[in-house]
Amino acid sequence: MRLTIRRRAGRRAALLAVGAMTAGLLLTAPQQATAGPPNLLSNPGFETAGPAGADMPSCWSKSGWGDNDFTFATVAEAHTGTKAMKVSLTRRVDGDRKALVTENSTCAPTVTPGKQYDLSAWYKSNTPDVSVTVFRRDTTAGWQYWTDLQNPPVSAGWARTEVRTPAVPPNTDKIAWGLSVYGVGTLTTDDYTLEEVGAAPPQPVCSGTAEECAKGKWEVIPAKNPVRSMHAVVLKNGKVLLIAGSGNDIAQFNAGTFTSAVYNPANGTFKTVPTPVDMFCAGHVQLADGRVLVMSGNKGYPSADGTIGYQGLKDSYVFDPATEAYTKTNDMNGGHWYPSATVLGNGDVISFGGLKEDSTGNVTAEKFSAAQNKWLPMNEVNQTWSYWGLYPSMILMQDGRLFYSGSHTFGNGTPGTGASIYNYDANTITDVPGLRNKDQRDESASVLLPPAQDQRVLTIGGGNNETNPAANRITDIIDLKKPSPGYTAGPDLPQGLVDTGTGKRPQTGAEGKMYVSAVLLPDGKVLETGGGLHDRADPVFEASFFDPTTNTYQPGLATDPIPRTYHSASFLMPDGRVMSVGDNPGNGTYNHNVSIYTPPYLFKGARPQITSVIDTQWVYGDTQRITVNRPVAKAELIRPAAVTHSSDPNQRFVDLPMTVNGNNIDLNVTSNPNLAPPGWYMLFAVDANGIPSIATWVHLGGPSALAATQEQPSAHEHSFADKLGPAKQNPAKRDSVPVAPSVAGCDRHYGTANVCVPTRFPAEVKDTSKARCDWLASHQYPKRLKVNGSDPLRLDPDRDGYAC
């Protein structure tokens, strides 16, 4: 599973002719020897020697790391002038070598936060293992790696590479860069330039009210969701698959009525779809071809007396957006009610956790083979016999390992630190530290922050469905690129209004929310919205933006007028808006209203447009050309949502470094399928004011996506989660683990299975029959709930067989 794909040797054929014509028109005059506008580099052509005794030209340093044999030489085979720099690797185990702009105040150019810079150089190379690597000086933390921007193709003759940086991060005053070589071969470079992108973007013009331009706008659309959807998947054609199964309604289950619907944003209509089994609380993931793999679901509801819990199905289906129909695959090896589902860099899918057919916890990993289009036999899948709980959030890392973030649904009290890294190849699990309140992260949300190349994960809020405290407002962040990654504390989640059954009031103290949704937006921020203060109760009306650049929240956004707690979902649409569906509180009701959020960036004026895409079939390591109608600041791929229960571990935002030639933009596609697993993506172009285009659908994959090669870390990586603590000892082979029937946090002695009377009432509810009955009444539970057997919560003091 630990897979990294080597860079492709050249551009696609569609760009070769264009690139050749462009190169032929470029001027080849020597660059200036001292820094000055427009080129901010000193000694860009290596013409000025270093001080006496130095073995490198002025303002250039030998740089690199790792186990390799290398040489640096100033040579006469220059592009212009009399000197160029040749770097050769003759043996390599790991690491890279590069001539780097010297990281000091004299040589490294001064830059301005928020600005972008064009980097270019002339080069010759006989290896595809070359990258444009940039470092930045943080005014507090000093010099540090910033980003890899481009992988120039092999070129026997002089060729020019050019790429634009992202906006310079806050607290950055200088940058240094160079071309790294990280495979056996030779790289010769000359005539470097670094130029500030000059034209200031036009000031945004508010096209709505002042409040809309600051906070965005929610609207509830006229059409109602026709099904009690538990799951939402944005399809490759822009439609939305909403899966209900029985919809947490035991009457529908007993009647064999299982439903799904497809929403068409183009005309605002819903189409119901025949659904073969109860996909209530299944897992789902987008396959490389755009079909949706749906795994497991509900074989049976808990018994009336609570002695038997939910039971998982073995069944698995694929949904085809073209036919809008389900087709059965082979069965999984066991039932998995609430399974994880993570797509891997080779297109396979791996799944953990959930409940088996007998309501015990499933300890077997399942793997769906993309090549064979089937679930593999258990003996062909590495097994740790570990129980990962329900909907464990398993995020694919850039080297193919999996990061369990600590977010899950139900089943608190798991051993260890609450978060860990799983190495499939080595079959080892290693805890990582720092996750606060690990046993109060039920229904928290975890997301790989933009861009995916940064390998940072944000975990937001959560609670505990069994002890039922007030949900927390904790935010934790982990940088998985560090040698020994661990969570660090982020800013507290902003607070809003909460309705505890007696009307809305401001949140106070440490009150946060669970069932929170976290949605990646094309401007690079994360929208967090929805959620509740307690298990399946007390909706919170609050929304904010998290900015990964500053690690801060922008509070006070417009709020969804519809409660969004248990079984709700929010997700990005191709037009840049966010759709929210569902709400299934403990009283058994379901809210069929659908809300649409228009972020502030769509009130800032006209949108940029992607007017052409040469090719919508993209291959790893490629350069792809698009045309836009006006300048843009960045472009990215966003994987479409497949979300349930606050969980979408496959959601990711992949940066596409740009080479800009007027309105023609070449996009550099990552060569690593672990950063962007194969499949359909939404391509957005975003201007300097954060206004996105409407997305164009592109498919990323091709034969190289499935070609297993030797591990090859990116050139800049000195270490990458390689100094973890000792791995935990895996349990002995076993069939399952016991799971209490009350794992869902519901006392089944009252009402039907789709009604959830909490096993523990919120702390502010007194331990009396009257106080508990008043709480149930204020939360609109049915007035007479049948008592099934005993009455552990003392809700039937007159012993007539009905609560309250």
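Our subject is the structure listed above.
Residues numbered from 1 in each chain as written. Predicted model: local features only at pLDDT ≥ 70, side-chain atom pairs only at ≥ 80, totals over all residues. Heavy atoms only, no water.

## Points about the state of the cysteines
Scanning the entire structure with this criterion turns up four disulfides. One disulfide in the model links C773 with C804; its S-S distance is 2.0 Å. Every disulfide takes its handedness from the sign of the S-S torsion; for C773 and C804 that torsion is -85°, giving left-handed. Taken as a pair, C773 in helix α4 (residues 769–778) and C804 in the segment after β58 (802–803) lie far apart in primary sequence, 31 residues in all. The connectivity of the disulfide bonds within the chain can be written as 1-2, 3-4, 5-6, 7-8, using the sequence rank of each bonded cysteine. Free of any disulfide, C281 has its nearest cysteine sulfur in C746, 11 Å distant. On the basis of relative accessibility, which here comes to 0%, the residue C281 falls in the buried class. (Disulfide = S-S within 2.5 Å. Helix = DSSP H or I, 4+ residues; strand = E, 2+ residues; numbered from the N terminus. Buried < 20%, exposed > 50% of the residue type's maximum accessible area, 1.4 Å probe, protein only.)

## As for the packing of aromatic side chains
Applying the stated criterion to the full structure yields 31 aromatic pairs. Ring centres 5.9 Å apart and planes at 85° place the aromatic pair F70 and F72 in the edge-to-face group. A relative accessible area of 36% means that F70 is categorised as partly exposed. For F72, a relative accessible area of 15% translates into the label buried. With a centroid separation of 5.4 Å and an interplanar angle of 80°, the aromatic rings of F761 and W775 are classed as edge-to-face. With F761 in the loop between β56 (736–737) and α4 and W775 in helix α4, the pair connects residues that are 14 residues apart, well separated along the chain. Just as F761 is buried, W775 falls in that class too. What links up through ring pairs into an aromatic cluster is the set F253, F258, F280, Y301, Y310, W337, Y338, Y391, F410, Y515 and Y566. (Phe/Tyr/Trp six-rings, centres within 6.5 Å; stacked < 30°, edge-to-face > 60°.)

## As for the sheet that holds strand β36 (residues 504–506)
Strand order in the open sheet formed by four strands is β36-β35-β40-β39, with antiparallel pairing between adjacent strands. Looking along the sheet, the strands with just one partner apiece sit at the ends: β36 and β39 (532–534). Here the average twist between neighbouring strands, direction ignored, is 30°. Relative to strand β40 (residues 537–541), strand β35 (residues 497–499) runs antiparallel, the two sharing two bridges. Pairing of L497 across the sheet is with F541, part of β40. (Pairing = 2+ DSSP bridges. Axes fitted to C-alpha atoms, helices over the stretch in contact; angles between N-to-C directions.)

## Some details on the pattern of salt bridges
Applying the stated criterion to the full structure yields 37 salt bridges. Taking the shortest distance from any N to any O, the salt bridge between R136 and D138 comes out at 3.4 Å. Given a relative accessible area of 12%, R136 falls into the buried group. Within the structure, one salt-bridge network assembled from shared partners comprises D67, D69 and R91. (Salt bridge = Lys/Arg side-chain N within 4 Å of Asp/Glu carboxyl O.)

So, to be careful, I would describe these as geometric facts and stop short of saying anything about function.
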